Amino acid sequence: MPFSFFIQMTITAIITVWSPGPNNIMLLSTASRYGIRKNLRFMAGIWTGSLTLMILSGLLCSTLAAVVPGIQPVMKWVGALYLLYLAWGTWNRRPPQEGTAEREPSYGMGFFLQMVNVKIIIYGLTMFSSFILPHVQAPPVLLLFAVYLMILGALGNLIWACAGNVLKRFYEKHYRLMNGVMALLVVWCALRIVGIL
């Protein structure tokens, strides 16, 4: 994989998994209520769920590419269209409302939340089909990419959990600017995937 493509993939991944979504908003809410320490099991559940989804995404995409050899260009366009959809959703996103979680967060809650998180499922499929598989097919390297994508998500989760109410207040004040910058970066990445830029 060319280094410039790796950087582009990393930027896309960071924008996707560090932006507000089910995991990050839940961590923002629960960290402000229970603190970081009581969220560690919840985050561990999210991270193992994320790694599970990244491995499954890599397996699914590589198997599909092997079974249907001409699928790769189609998968790139589907991935780019999904990124444009994410850019639109990012632009239109509003600040999160107060969470309604009553129970203390647990490992099982984090794992389950991740396994039904459509944003992360499609994120994994997009990263593998659009960025990784056009350049790498060796299973050990695909596993390394799955771990790398999970680590990027984990860093985003930690940022949201540590930020608690501070980030929430900042985002509420400047959400339009932050959304605009993130949306434009995602559009840029989508256009690079299909070779327009």
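Residues numbered from 1 in each chain as written. Predicted model: local features only at pLDDT ≥ 70, side-chain atom pairs only at ≥ 80, totals over all residues. Heavy atoms only, no water.

Draft legend 1. View of the environment of Pro139. Inspection of the secondary structure puts Pro139 in helix H7 (residues 139-193). By relative accessible area, Pro139 is classed as exposed at 60%. The spatial distance from the C-alpha of Pro139 to the C-alpha of Gly58 is 8.8 Å, given a sequence separation of 81 residues. (Helix = DSSP H or I, 4+ residues; strand = E, 2+ residues; numbered from the N terminus. Buried < 20%, exposed > 50% of the residue type's maximum accessible area, 1.4 Å probe, protein only.)

Draft legend 2. Representation of the nonpolar core. Residues Met54, Tyr123, Met127, Phe128, Ile132 and Leu149 are the most contacted members of the largest nonpolar core, which totals 20 residues. Counting residues per element, the ones that place at least two in this core are helix H1 (3-18), helix H3 (40-67), helix H6 (118-132) and H7. In terms of residue count, the dominant contributor to this core is H6 (six residues). Other than its neighbours up to four places away in sequence, Phe128 contacts Met54, Ser57, Gly58, Cys61, Leu133, Pro134, Leu142, Phe145, Ala146 and Leu149. Formed by 10 residues, the second largest nonpolar core is a distinct cluster that contains Ala80, Leu86, Ala190 and Val194. (Core = buried A, V, L, I, M, F, W, Y, C linked by side-chain atoms within 4.5 Å. Contact = heavy atoms within 4.5 Å.)

Draft legend 3. Looking closely at helix H5 (residues 107-115). Of all the residues in H5, the buried ones are Met109, Gly110 and Gln114. All buried residues of H5 lie within an arc of 125° about the axis, which places them on one face of the element. (Arc of directions from axis to C-beta.)

Draft legend 4. Seen up close, H1. Its 16 residues place the ends of H1 22 Å apart at the C-alpha level, agreeing with the 22 Å of an ideal helix rising 1.5 Å per residue. Taken together, the buried positions of H1 are Phe5, Gln8, Met9, Thr10, Thr12, Ala13, Ile15, Thr16 and Val17. (Expected span 1.5 Å × (residues − 1).)

Draft legend 5. Focus on the packing of H1 against H6. Between H1 and H6, the least distance of the axes is 11 Å, while the angle of their chain directions is 170°. Classified by the angle between their axes, H1 and H6 sit roughly antiparallel to one another. Contacts between H1 and H6 involve Phe5, Gln8, Met9, Thr12, Ala13, Thr16 and Val17 from the first element and Lys119, Ile120, Tyr123, Met127, Ser130, Phe131 and Ile132 from the second. Among the residues making up the contact of H1 with H6, the classes are represented as nine nonpolar, four polar and one charged. (Axes fitted to C-alpha atoms, helices over the stretch in contact; angles between N-to-C directions. Parallel < 35°, antiparallel > 145°, perpendicular 65-115°, else oblique. Nonpolar A, V, L, I, M, F, W, Y, C, P; charged D, E, K, R; others polar.)

Draft legend 6. Highlighting the side chain of Ser129. One can find Ser129 in helix H6. Among the polar contacts listed, one links the side chain of Ser129 to the backbone oxygen of Leu125, at a separation of 2.7 Å. (Polar contact = N/O pair within 3.5 Å; in protein donor to acceptor, adjacent residues only side chain to side chain.)

Draft legend 7. Expanded view of a nonpolar patch on the surface. A grouping of Ile55, Leu56, Leu59 and Leu143 is seen on the molecular surface, where their side chains present a nonpolar patch of about 340 Å² in accessible area. In terms of residues, the nonpolar patch owes the most to one element, H3, which gives three residues. By the element assignment, Ile55 lies in helix H3. (Patch = residues over 30% accessible without salt bridge, like charges linked within 9 Å, V, L, I, M, F, W, Y side chains within 5 Å. Areas by Shrake-Rupley, 256 points an atom, 1.4 Å probe, with all protein chains shown as cover. Salt bridge = Lys/Arg side-chain N within 4 Å of Asp/Glu carboxyl O.)

Draft legend 8. The confidence of the model for the chain, seen in detail. This prediction gives the chain a mean pLDDT of 80; 86% of its residues lie at or above 70. For the chain, per-element mean pLDDT is lowest for helix H2 (residues 22-34), which scores 72, and highest for H3, which scores 88. (pLDDT = per-residue confidence, 0-100.)

Draft legend 9. The arrangement of empty space enclosed by the protein in detail. With the rule as written, the count across this model stands at one cavity of 30 Å³ or more. Put simply, the largest cavity is a space of about 120 Å³. Val17, Asn23, Gln114, Ile120 and Asn157 are the residues nearest the centre of the largest cavity, which is lined by 18 residues in total. Counting only elements with at least two residues in the lining of the largest cavity, the list comes to H2, H3, H6 and H7. Tallying contributions element by element places H7 first for the lining of the largest cavity, with five residues. (1 Å grid on protein atoms, 1.4 Å probe; cavity = no way out; pocket = protein on both sides within 12 Å on 5 of 7 lines; lining within 4 Å. Points joined across faces, edges and corners; volume = space filled by probe spheres on them.)

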